[in-house]
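# An overview of the molecular structure
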Amino acid sequence: SELETDNGEVFISISRIPEQLVANSNTTLLIGFKDPATGVPINADVTYGAKILDPNGNSIYDEDSKTTIYNTTSKINVIFPKKGIYQIWVHIEGLAPLDSDVFDISRNGVARGYLLVE
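Since we're looking at a predicted model, the values are computed, not measured. (Residues numbered from 1 in each chain as written. Predicted model: local features only at pLDDT ≥ 70, side-chain atom pairs only at ≥ 80, totals over all residues. Heavy atoms only, no water.)

### Concerning the sheet that holds strand β6 (residues 74–79)
Pairing is antiparallel across the open sheet formed by four strands, whose spatial order is β1-β2-β3-β6. Of all the strands in the sheet, just β1 (2–4) and β6 have a single pairing partner and so form its edges. Across the sheet, the mean angle from the axis of one strand to that of its neighbour is 30°, orientation sign disregarded. (Pairing = 2+ DSSP bridges. Helix = DSSP H or I, 4+ residues; strand = E, 2+ residues; numbered from the N terminus. Axes fitted to C-alpha atoms, helices over the stretch in contact; angles between N-to-C directions.)

### Some points on the confidence of the model for the protein chain
Per-residue pLDDT for the protein chain averages 96, and the proportion of residues at 70 or more is 100%. Within the protein chain, β1 has the poorest average pLDDT of any element, 95, and strand β4 (residues 44–53) the best, 98. (pLDDT = per-residue confidence, 0-100.)

### Regarding the nonpolar core
Judged by nonpolar contacts, the single largest core of 27 residues is most densely connected at I12, F33, Y48, I52, F80, I88 and I92. Of all elements in the fold, only β2 (11–17), β3 (26–34), β4, β6, β7 (84–97) and β8 (110–117) reach the threshold of two or more residues within this core. When neighbours within four sequence positions are excluded, F33 is seen to be in contact with V10, F11, I12, P41, I42, V46, Y48, T68, V90 and I92. (Core = buried A, V, L, I, M, F, W, Y, C linked by side-chain atoms within 4.5 Å. Buried < 20%, exposed > 50% of the residue type's maximum accessible area, 1.4 Å probe, protein only. Contact = heavy atoms within 4.5 Å.)

### Observations regarding the side chain of T27
Within the secondary structure layout, T27 lies in strand β3. Those residues in contact with T27 that lie beyond four places of it in its chain are I17, P18, L21, I76, N77, V78 and F80.

Now the structure itself:
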């Protein structure tokens, strides 16, 4: 799955292990960050937060200030408590470009998507 931040500045790819999400079992979400103009990994370390909401809007996962090193994927481990459609929000908090010492917040935004758990 690919999500785009609300400002169009960052594409977020999400892969699932296992591919089909099953209630009450361990799941790993792999998250990568891409430049929307080129489709290649963003040339920066990415600091972000993620939230997953159950079908009733209750948070089952909420973490801020996670950092993914350039050209790697971040991992989120979660157990979905029941079947249903879950919301996932990924919030870009800032980028640390490889060619600069300045923390870039100009591309911050939120991407929202859905996960089907069977």
